[in-house]
Amino acid sequence: MNRNWMILFLLILFFIEGSVVPHLIPDGWYGRIAVQFVFVVVLFHGVYAHRHTALLMGLGFGLLHDIVYYGQIIGPHSFTMGFLGYLAGYVFNVRHKTMVMMLFVVLIGSFLYQTIIFGIYTLFSLSHFTYQQALLDYIIPSMFVQLIFALIVYVPLRKWFDMIQGNNKKDSEEA
């Protein structure tokens with residue numbers, strides 16, 4: 001049941017990314033900031049819950065991003081979001097997960113996400129920027145937007161995942 005709530009939460013974030021956030025971004029920054037709130041939650045899910053579920057959620061919601069927002073080519077966002085969600089869960093599978101560690105995961109994950117997407121778009125000649133231009137124009141600003149979002153949602157999501165882990169432990173003890 002908790003997975004269904006997570007999918008509903010991700011769908012709400014997906015709609016907020018496309019409908020509310022573009023109106024909040026100043027005109028001078030429009031097109032330079034790639035808002036990836038769903039990706040941040042996929043990273044949280046990979047680190048605090050289960051990396052295989054993060055992989056599936058990343059593949060599904062990345063495909064939605066490919067179809068709805070970035071229709072030039074199908075697959076890059078799906079692959080990247082799923083792969084990095086799984087990788088975050090695999091690499092940061094430690095006992096004590098701190099806020100600083102999670103913010104580091106979001107920062108590095110956002111950087112890798114934008115870099116991989118840039119690489120794929122450059123490979124298929126859909127982007128004509130140099131990497132230095134892309135880094136300064138939209139990768140770094142997008143990283144900080146994702147970092148601020150991660151700071152805002154850290155406490156509620158951490159409590160949610162702790163509650164889920166507590167319920168799973170109780171269920172396994174009762175069986």
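First, a word on scope: everything that follows refers to the structure included in this document. Model, not experiment: these values are computed from the prediction.

What counts as what
- Residues numbered from 1 in each chain as written.
- Predicted model: local features only at pLDDT ≥ 70, side-chain atom pairs only at ≥ 80, totals over all residues.
- Heavy atoms only, no water.
- Helix = DSSP H or I, 4+ residues; strand = E, 2+ residues; numbered from the N terminus.
- Expected span 1.5 Å × (residues − 1).
- Buried < 20%, exposed > 50% of the residue type's maximum accessible area, 1.4 Å probe, protein only.
- Contact = heavy atoms within 4.5 Å.
- Core = buried A, V, L, I, M, F, W, Y, C linked by side-chain atoms within 4.5 Å.

Here's the deal with helix α5 (residues 76-91)
Here α5 spans 22 Å end to end across 16 residues, near enough to the 22 Å set by a 1.5 Å rise per residue. Taken residue by residue, α5 has P76, H77, S78, T80, M81, G82, L84, G85, A88 and G89 as its buried positions. Against the buried residues of α5 lie α3 (37-48), α4 (51-68) and α6 (99-123).

Some points on the nonpolar core
In terms of nonpolar packing, the biggest core is built from 43 residues, with V38, F44 and M102 touching the most fellow members. Of all the elements, α3 adds the most residues to this core, at ten residues. Ranked by size, the runner-up nonpolar core spans five residues in total, among them F118, A134, Y138 and M143.

Details of unusual backbone geometry
Phi is mostly negative for residues that are not glycine, and the peptide bonds are mostly trans. Backbone geometry at S125 places phi at a positive 55 degrees, although glycine is not the residue there. Secondary-structure assignment places S125 in the loop between α6 and α7 (131-174).

Structural notes on the environment of G82
Along the chain, G82 turns up in helix α5. Sequence spacing of G82 and G60 is 22 residues, and the spatial spacing of their C-alpha atoms is 8.1 Å. Filtering out sequence-adjacent residues up to four positions away, G82 remains in contact with L55, G58 and L59.

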